[in-house]
Amino acid sequence: MYRDILKDIKGVIFDLDGTLVDSMWIWKQIDIEYLGSRNIEMPSDLQSKIEGMSFYETAVYFKEAYKIPESLEVIMDSWNMMAMEKYRSVVPLKEGVKEFLQLLRDKGIVMGIATSNSRILTEAALDNLGISEYFGAIVTGSEIIKGKPEPDVYLTAAKKLSVDPKTCLVFEDLPFGIMAGKRAGMKTCAIDDVYSAAMWDEKVALADYSIKSYKEILEAVAVDEN
């Protein structure tokens, strides 16, 4: 199934959180702490409501939904400060990521990141994990207005990589992200993540491919090359 996943692919674009790195738990904790500091209990459905939103869109939602008096810039700065140390020190790569990135490089496939996260946190994670060098383009939620499932972030990444969207493969851990990739005219691969485990069937139905780990692709390619 995975032997042909890279056939005719010129560019691979990854989401960050839950796709390249195991970090989705951070944001739920930050939401709890941020709202708790304002004596607001976090609603149980908050994560589903903000799924796919850009960093800016999420700040707008918080400001309006919870009547936060601070400016959008102050809200986003607060989140960045709360998350920075975690992204610099405790966020790990998902299984098989570095080996997969090297495989793509060896095949001459360009790589990019299209994330709803902020640039400062994205770069902190990539630098800490030693994988910044692999990516020719990084597009973050701070740079776009319309978040996923709109295709803007993926189309922008493809443009920066100078590749046709039709020759791109997207890796995503959430349904809205997969939808964004599909709307951009790209092939999509769903990846498993503990945070979105309950959405697995939905993700499989939406995506062209689905994997539990990048090792599945690595093993399939190794068999094919031997």
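A quick note: this is a predicted structure, and the numbers were derived from the prediction, not measured.

Here the focus is the sheet that holds strand 5 (residues 187-191). The 6 strands lie next to each other as 3-2-1-4-5-6, forming an open sheet whose pairing is parallel. Of all the strands in the sheet, the pair left with one neighbour each is strand 3 (137-139) and strand 6 (209-211). This sheet shows a mean twist of 20° between the axes of neighbouring strands, independent of strand direction. The strands touched by helix 5 (residues 97-106) are strand 1 (11-14), strand 2 (110-114) and strand 4 (168-172); relative to strand 1, the strand with the most contacts, the crossing angle is about 155°. In this fold helix 7 (residues 152-161) packs onto strand 1, strand 2, strand 3 and strand 4, with an angle of close to 160° to the strand it touches most, strand 3.

Next up on the list: the packing of helix 4 (residues 72-89) against helix 6 (residues 119-129). Axis separation between helix 4 and helix 6 bottoms out at 8 Å; the angle between their running directions is 15°. When the axis of helix 4 is compared with that of helix 6, the two are roughly parallel. By crossing handedness, the relation of helix 4 to helix 6 is classed as right-handed. Here Asn-80, Ala-83, Met-84, Tyr-87, Arg-88 and Ser-89 of helix 4 come into contact with helix 6, specifically with Ile-120, Leu-121, Ala-124, Ala-125 and Asn-128. Looking at side-chain class alone, the contact of helix 4 with helix 6 contains 7 nonpolar, 3 polar and 1 charged residues.

About the thresholds
Residues numbered from 1 in each chain as written. Predicted model: local features only at pLDDT ≥ 70, side-chain atom pairs only at ≥ 80, totals over all residues. Heavy atoms only, no water. Pairing = 2+ DSSP bridges. Helix = DSSP H or I, 4+ residues; strand = E, 2+ residues; numbered from the N terminus. Axes fitted to C-alpha atoms, helices over the stretch in contact; angles between N-to-C directions. Contact = heavy atoms within 4.5 Å. Parallel < 35°, antiparallel > 145°, perpendicular 65-115°, else oblique. Left-handed = near helix turned anticlockwise from the far one by under 90°. Nonpolar A, V, L, I, M, F, W, Y, C, P; charged D, E, K, R; others polar.

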